[in-house]
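Analysis of the macromolecular model
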Amino acid sequence: MRTSKSLFAFLLIGCGKMPSISDVDATVSEQVSTVVTVNWTTDEATVGYIEYGPTDAYGYQTALETDASTSHSQFVLMPADTTMHYRVVVPVDDDTATSKGQEVTTGVLPAELPTLTVTGEGHDDYMAVPLLGGVTAPVVIGPDGEYLWYHFDERDLDVYRVRLSVDGESVLYNAASVSGDPAENSELVRVALDGSSEETIPLSLLAHDFVELPDGTITAMVVEYQDGVDGEEIRGDQLVEISADGTQSIIWSAWDCFDPEIDTVEETEFGWTFANALDYSEDEDAYYLSLRNFSSIVKINRGTGACEWVFGGNSSTIEIDGNTFLHQHQFQKTGDTFVVFDNEGGVGESRVLEYDFNEDAGTAEAVWSYDADDPDIYVFVLGDVTRFDDGDTMVTWSIAGQIDRVDSSGEVLWKLNTDLGYAFGFNTLTASPYAGDW
Amino acid sequence: MIGNLLLFLSTAQAAGYYVTGVGIRGMGRAGAVVAGIDDLSAQYHNPAALIRLDRQVTLQFAGVHQNVTFDREDEADLAFDPVSNSAPPMPIPALGAAWHLPGPDLTVALGLYTPYAPYYTYPEDGPQRFTMTDISLLSAYAGPSVAWRPIDGLTLGLGVAATMLQIDQGLVTHVAPATFEATDEPEYDVNTRISVRDPFRITWNAGLLYEPGDKWAVGVSVVPPIRYQASGSLTSDFSNNVYYTGESPFGQVLASSSASDDDVQLAITMPAIFRAGVLVRPSEGTELEVDVAWERWSAMQSLTVTGVDLTIETTSEEDARVQDDVAFPLLMQDAWSLRIGGQKSLSDRVMGRAGLLGETSGVSAQYRSVLMPDGLQVGYGLGLTWWAIPDKLALDFGGGQRFLLPSTLNNAQVYQVQIDPLSGVVLPGKSVGDGEISAMTNLFGLGLNWTL
């Protein structure tokens, strides 16, 4: 794996001499029974990783360390209550130095976690997703539906988004409330992967979603109130960036792009714009923001705060050919493909819409849709969608407690269900829990 | 004189919708009366036998008391206490009159009778609640019958009746999103009531009696299927469901504590019945009879509430609409019964009766439930007639018991009715029919026959 990093290791340690790996041990976290900390030392500065698995054939591995050193430590996420084999691997040139294989047994899961049931196959990604309802718990779930990480939030708030931090050392989530008035005591929470520490960033009126940029900047949706022309308070939204040093900056306001006197909405129960989902494009340095009450998704230039286009709804600057969405939540734009979780555009059920999106021409053609047939599923809040490179689509039916992976024909390949009384928040997918690119 | 009184009184063998009936004298002979019935219940068993009556008025009351015990088992190893129904003895009245016209040698009769009107209640939080919490079923028949003897020994009988059916059934539906595996957790319960009525339907029956002398007789009768088309209301009470109380993962989803649809339909086909009996009289005052009966319950494959359009108000912009049929699959099968009974004069004023019966089940094993607690049944009857005023006033007493032999239900196809509060989809929930079921029915009755 990672040829460039292997080359980096080669340059660091030279050729011909194999490093010695010693003092290898594994400790199961007291806070998270599925997290194992593996420590080892080498007689020279190296980078390495852990291979692990249910047998001595291993099959899984962590990410290669980025900084060479002689003292090493990595977190490994493993299924609960399982004896796992592991060893340290240090790439050297075209060869590898490995430690002797060892075993570690993880702890049992807390009884509070609901049962997850998987049917089908064909899914090999990892999910960071909040559990809501019976518990409020950000969790990481493996391809087989196994819990690999968990944390219980006791703030009496909800959690809507979970992300592994870009440095791979912690998990970020938002503790907030979107039911009724937003919470004054909402905050962003950072929990060390082994559960040993927790830091918070208080941020009142947090909404559903946030992103972490590659440089560690966190951008969160926050509810904003302004007075209208008649003195009546209007509930809009803003984007707040929190830099790595903790500085908070309002970088966008709904009033920057919209006018409540012009861009009116019929349903005002949830305020004016009611932002409910956020994505970030590193290539474009732009945010994509979903505005529920507008039934619109807006592209925001991060540098200028300008709205480059509005997709959907009465203020749309994009011409839509085919199905339109209503009160959508999460979405994904990759190149010319735009998939949207459409909560209420279908007849009595929610669905996913795919558009062939031509930004230059300002057009979007609906080319594919998916709705569950057996049974029909209606999700009035949250909901998420991700398109994979192979054309499959992951659909998170949040309140219905179900996650489907479907192919382009609409066939459900893989399905995850939780117990009655629980629900999922937004779903952050990755091919590896160690990649640092959630 | 108008004629004789008649009642057709049933000795119901099972709860719910599975009903049959015999009269009080029939009760005493365990139903073995197709060839030998000699009171106004001939209107039910074999209208040709009305020819035996002269001028008679009948008033009868019977009581039926059935105990059903269900010990539910669950594949998830949930533990349940056995549950039994609460069913006070139920008085069932009937009356009628018959009049013999010697000229044409025929008897006409007019009767009003209620074959079976059960009212059962079970605990609202019991493990059977997904099938039934209570049921009241009332059916009644009223109409004329005639028996005509064109030649000695051979009598033909025909009856026509107006009939009605009224059902009021309560059960608990499981209201939770269809994507979740259904559970027994009571916070997802919704008390649901189906109240339907078919006020008027015409039916008929016919019979034949061949009795060449005093020594023996043969009787046959047939009842066509009765296809009730009942209509009424479907009401759901969400007040204790988490999606109304706000204890669901997303707070209050249902905006209203109840929803109703006042125009639903329930089609019920009561079975065609064919009865045949052979009677011998080995000595004066003594009768022995063997009957068989075939009931075509296979005509009833399910109970399905149709025409449902239930709007469930939600806190979101779109209300949920339940428009799927609500079906209770039954997959019933034809039932056979064998009845052996007789009577003997015990004195100038007293006639004693006794009988035994055995009956196969009309309900396939996987579909049995407290709604249809059927199975192989055995029973007996005892009775007597006391002539308080010779040739004028006879008092009939009857009683008996029927036993549903305990049966273990595995792989039951009895499911919760689950309603998705978000989409309104109706689907089968979890299987709730496994366990052991048993029942015992006590029958008793008193009749008064006044010969004019």
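Only a predicted model underlies this, so the values are computations on that prediction, with no experimental measurement involved. (Residues numbered from 1 in each chain as written. Chains lettered and ligands numbered in written order. Predicted model: local features only at pLDDT ≥ 70, side-chain atom pairs only at ≥ 80, totals over all residues.)

**Things to note about the overall build of chain B**
Inclusion rule: Numbering of helices and strands starts at the N terminus; helices are DSSP runs of H or I of at least 4 residues and strands are runs of E of at least 2. The quantity called the radius of gyration is restricted to C-alpha atoms. Its globule counterpart is 2.2 Å times the number of residues to the power 0.38. We call a residue exposed when 12 or fewer other C-beta atoms sit within 10 Å of its C-beta, buried when the count reaches 20 or more, and partly exposed for counts in between; the C-beta positions come from the backbone. By the convention adopted here, residues are in contact when the distance between their C-beta atoms, placed from the backbone, does not exceed 7 Å.
Looking only at helices and strands, one finds three helices and 24 strands in chain B. Against the globule reference of 22 Å for 452 residues, chain B gives a C-alpha radius of gyration of 24 Å, in line with a compact fold. In terms of overall dimensions, chain B has C-alpha extents of about 80 × 40 × 35 Å along its principal axes. Going through the 452 residues of chain B one by one, you find that 51% of them count as buried. The contacts of chain B with a sequence gap of at least 6 include a subset with a gap of at least 24, amounting to 71%.

**Some points on the overall build of chain A**
Within chain A, the secondary structure is distributed over two helices and 35 strands. Taken against the 2.2 N^0.38 rule, which gives 22 Å for 438 residues, the C-alpha radius of gyration of chain A at 23 Å falls within 12% of a compact globule. Dimensions of chain A, computed from C-alpha atoms along their principal axes, come out at roughly 75 × 45 × 45 Å. Counting across all 438 residues of chain A, residues that qualify as buried make up 47%.

**As for the domain arrangement of chain A**
Residue and element names in this part refer to chain A. Put simply, the test is: Domain borders in the structure are assigned automatically or taken from a domain database. In this classification, the charged set is Asp, Glu, Lys and Arg, the nonpolar set is Ala, Val, Leu, Ile, Met, Phe, Trp, Tyr, Cys and Pro, and all remaining amino acids, among them Gly, are polar.
Segmentation of chain A into domains returns domain 1 (3-105) and domain 2 (116-430). Contributions of two or more residues to the side of domain 1 that touches domain 2 are made by β2 (35-46) and β5 (69-77). A breakdown of the residues in the side of domain 1 that touches domain 2 according to their chemical character gives eight nonpolar, four polar and no charged.

**Re the sheet that holds strand β28 (residues 351-358) of chain A**
Residues and elements named next belong to chain A. What counts here: For two strands to be treated as a pair, DSSP must find at least two bridges joining them. With axes taken as lines fitted to C-alpha atoms, and helix axes fitted only over the stretch in contact, angles between N-to-C directions fall between 0 and 180 degrees.
As summarised here, the arrangement of the five strands in space is β25-β29-β28-β27-β26, forming an open sheet in which the pairing is mixed. Two strands in the sheet have a free side with no partner beyond their single neighbour: β25 (319-321) and β26 (331-334). The sheet shows a mean angle of 25° between the axes of neighbouring strands, direction not considered. In terms of strand pairing, β26 meets strand β27 (residues 337-342) through four bridges, oriented antiparallel. The partner of K333 across the bridge, within β27, is F338.

**Quick notes on the sheet that holds strand β33 (residues 412-418) of chain A**
Residues and elements named next belong to chain A. The sheet built from five strands is open, its strands ordered β9-β33-β32-β31-β30 with antiparallel pairing. Unpaired on one side and paired on the other, β9 (116-120) and β30 (384-387) mark the two borders of the sheet. Averaged over all adjacent pairs, the angle separating strand axes in this sheet is 10°, with direction ignored. Sheet topology note: the strand β32 (residues 402-406)/β33 ladder contains five bridges and is antiparallel. Looking at β33, one finds that I403 is bridged to L416.

**A closer look at the pairing of strand β31 (residues 393-397) of chain A**
All names here are of chain A. Counting buried positions along β31 gives five out of five residues, so the element sits mostly inside the fold. Neither face of β31 is left uncovered, since the one carrying T393, V395 and W397 and the one carrying M394 and T396 both have all their residues buried. By the bridge criterion, four bridges tie β30 to β31 in an arrangement that is antiparallel. Paired with R387 across the two strands is T393, which belongs to β31. Counted along the chain from β30 to the antiparallel partner β31, the turn is five residues long, and its residue G391 has a positive phi close to 95°. Linking β31 back to β32 in an antiparallel pair, the connection comprises four residues, with G401 at a positive phi of about 65°.

**Overview of the environment of A244 of chain A**
All names here are of chain A. Residue placement: A244 occurs in the loop between β19 (233-242) and β20 (248-253). Linking A244 and T217, residues 27 residues apart in sequence, is a C-alpha distance of 5.6 Å. Filtering out sequence-adjacent residues up to four positions away, A244 remains in contact with D215, G216 and T217.

**Structural notes on the interface of chain A and chain B**
Contact residues are listed per partner, giving 24 residues for chain A and 22 residues for chain B. Where the side of chain A that touches chain B is concerned, the elements lending two or more residues are β10 (126-133) and β34 (422-424) of chain A. Partitioning the side of chain A that touches chain B into residue classes produces 12 nonpolar, seven polar and five charged.

**Section: the environment of V229 of chain A**
All names here are of chain A. Mapped onto the elements of the fold, V229 is located in the loop between β18 (218-227) and β19. Look at V229 and you get exposed, because 9 C-beta atoms sit within 10 Å. As for V229 and P260, which are separated by 31 residues in sequence, their C-alpha atoms are 9.2 Å apart.

**Things to note about unusual backbone geometry**
All names here are of chain A. One non-glycine residue, S295, lies in positive phi territory at about 50°. We classify S295 as buried; it has 24 C-beta atoms within 10 Å. In the Ramachandran plot, H327 falls in the positive-phi region, its phi being about 55° despite a non-glycine side chain. As for its placement among the helices and strands, H327 is situated in the loop between β25 and β26.

**Points about the confidence of the model for chain A**
Stated formally: Here pLDDT means the predictor's own confidence in every residue, given as a number from 0 to 100.
Per-residue confidence for chain A gives a mean pLDDT of 92, with 95% of residues at or over 70. Residue range residues 1-15 of chain A is modelled with pLDDT below 50. Its contacts to residues more than four positions away, or to other chains, number 18 contacts.

**What to know about the pairing of strand β14 (residues 170-176) of chain A**
Residue and element names in this part refer to chain A. Counting buried residues along β14, seven of its seven residues qualify, which places the element largely inside the surrounding structure. Side-chain alternation along β14 places S170, L172, N174 and A176 on one buried face and V171, Y173 and A175 on a second face that is also buried. Relative to β14, strand β13 (residues 158-164) runs antiparallel, the two sharing five bridges. Residue pairing for β14: D158 is matched across the bridge by A176. Between β13 and β14, which follow one another and run antiparallel, lie five residues, and G168 among them has a positive phi close to 75°.

**Some remarks on the environment of Q416 of chain B**
All names here are of chain B. Structurally, Q416 can be placed in strand β22 (residues 415-419). Once the C-alpha coordinates of Q416 and Y113 are considered, the two residues, 303 residues apart in sequence, prove to be 35 Å apart. Setting aside residues no more than four positions away along its own chain, Q416 makes contact with F130, H174, A182, P428, G429, K430 and V432.

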